[in-house]
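Descriptive structure summary
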Amino acid sequence: MKSALGRRSCEAFNEQGCCGYRCGVGDWPCFGQSLPQRRRHCCVDRPGFVDTPLVQRAVKQTPDSPWGLQGLRDKHPIGRLGLPMDIAQGVVFLASDESSFMTGAELVIDGGYTAR
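Residues numbered from 1 in each chain as written. Predicted model: local features only at pLDDT ≥ 70, side-chain atom pairs only at ≥ 80, totals over all residues. Heavy atoms only, no water.

Focus: the overall build of the chain
Let me state the cut-off plainly: Helix and strand labels come from DSSP, where a helix needs a run of H or I of at least four residues and a strand needs a run of E of at least two; each type is numbered from the N terminus. Partly exposed residues are those whose accessible area sits between 20% and 50% of the maximum for their type, while under 20% is buried and over 50% is exposed, using a 1.4 Å probe and protein chains only. Only heavy atoms matter for contacts: two residues are in contact if any of them lie within 4.5 Å across the pair. The method behind every accessible area is Shrake-Rupley, applied with a 1.4 Å probe, and residues are considered shielded solely by the protein chains displayed.
Counting its regular elements, the chain contains five helices and two strands. Of the regular secondary structure in the chain, the N- to C-terminal order runs α-α-β-α-α-α-β. Counting the 116 residues in the chain, one finds 34% classified as buried. A separation threshold of at least 6 residues defines the contact pool for the chain, and within that pool the share at least 24 residues apart is 65%. Entry remark: accessible area of the chain is about 7,200 Å², with carbon and sulfur atoms responsible for 55%.

See below:
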């Protein structure tokens, strides 16, 4: 699993002094080209901000900043943070037979965060 934040700079975490996490594309497109020869496919999901205890702790430290809870919601065109089930459903799809003709693809599940 990669992060949709790797598609944009991870300003929230860097600005707040958190983990400085930035997930690049890396080698997964190469796997997407080489694995089909072995009858395997390789796709990646890129989740955005998900309402988890880690995110809740981070936003409580700066409630009035643009990176507080409401600020994060406002950065998502869908108007909310993701739920763990939102991401899980995408992962289940990628692992299922319904995605058998996909390889080297990104499934961005971020509520529109990277599209803004």
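Back to the write-up after that little detour.
Some words on the packing of aromatic side chains
One pair of aromatic rings is described through two measures. These are the centre distance and the angle between the planes. So the rule is basically this: To pair, rings of Phe, Tyr and Trp, with the six-membered ring standing in for Trp, must have centres within 6.5 Å; the planes then decide the type, stacked if under 30 degrees apart, edge-to-face if over 60, and tilted in the middle.
Counting across every chain of the model gives two aromatic pairs. Measuring from ring centre to ring centre gives 6.2 Å for Phe49 and Trp67, while their planes differ by 40 degrees; the resulting arrangement is tilted. Of the two residues, Phe49 is situated in the loop between strand S1 (44-47) and helix H3 (53-61) and Trp67 in the loop between H3 and helix H4 (69-74); the sequence distance between them amounts to 18 residues. For the residue pair Phe49 and Trp67, the accessibility class agrees, reading buried in each case. Arranged with centres 5.5 Å apart and planes meeting at 75 degrees, the rings of Phe49 and Tyr113 form a pair that is edge-to-face. Placement of Phe49 in the loop between S1 and H3 and of Tyr113 in the segment after strand S2 (106-109) is noted, with a sequence separation of 64 residues between them.

Some words on the confidence of the model for the chain
Detailed reading of the predicted coordinates is not advisable wherever pLDDT falls low. Here is the rule we go by: What pLDDT reports is the predictor's confidence in each residue, on a scale of 0 through 100.
Chain-level pLDDT for the chain is 74 on average; 65% of the residues reach the 70-or-more range. Across the chain, element-level confidence peaks in helix H5 (residues 84-95) with a mean pLDDT of 94 and bottoms out in helix H1 (residues 11-15) with 42. Confidence drops under pLDDT 50 across residues 1-32; counting only partners more than four residues distant or on other chains, this segment forms 70 contacts.

Brief notes about the environment of Ile78
Mapped onto the elements, Ile78 comes out in the loop between H4 and H5. Taking the C-alpha atoms as reference, Ile78 lies 6.5 Å from Gly112; in sequence the two are 34 residues apart.

Remarks on the environment of Thr114
Using the following cut-off: Polar contacts, as used here, are pairs of N or O atoms within 3.5 Å; protein pairs need one atom able to donate a hydrogen and one able to accept it. Residues neighboring in sequence count only if both atoms are side-chain atoms.
Of note, Thr114 is situated in the segment after S2. Relative accessible area serves as the criterion here: at 22%, Thr114 is assigned to the partly exposed category. Side-chain polar atoms of Thr114 contact the side chain of Asp110, separated by 2.8 Å.

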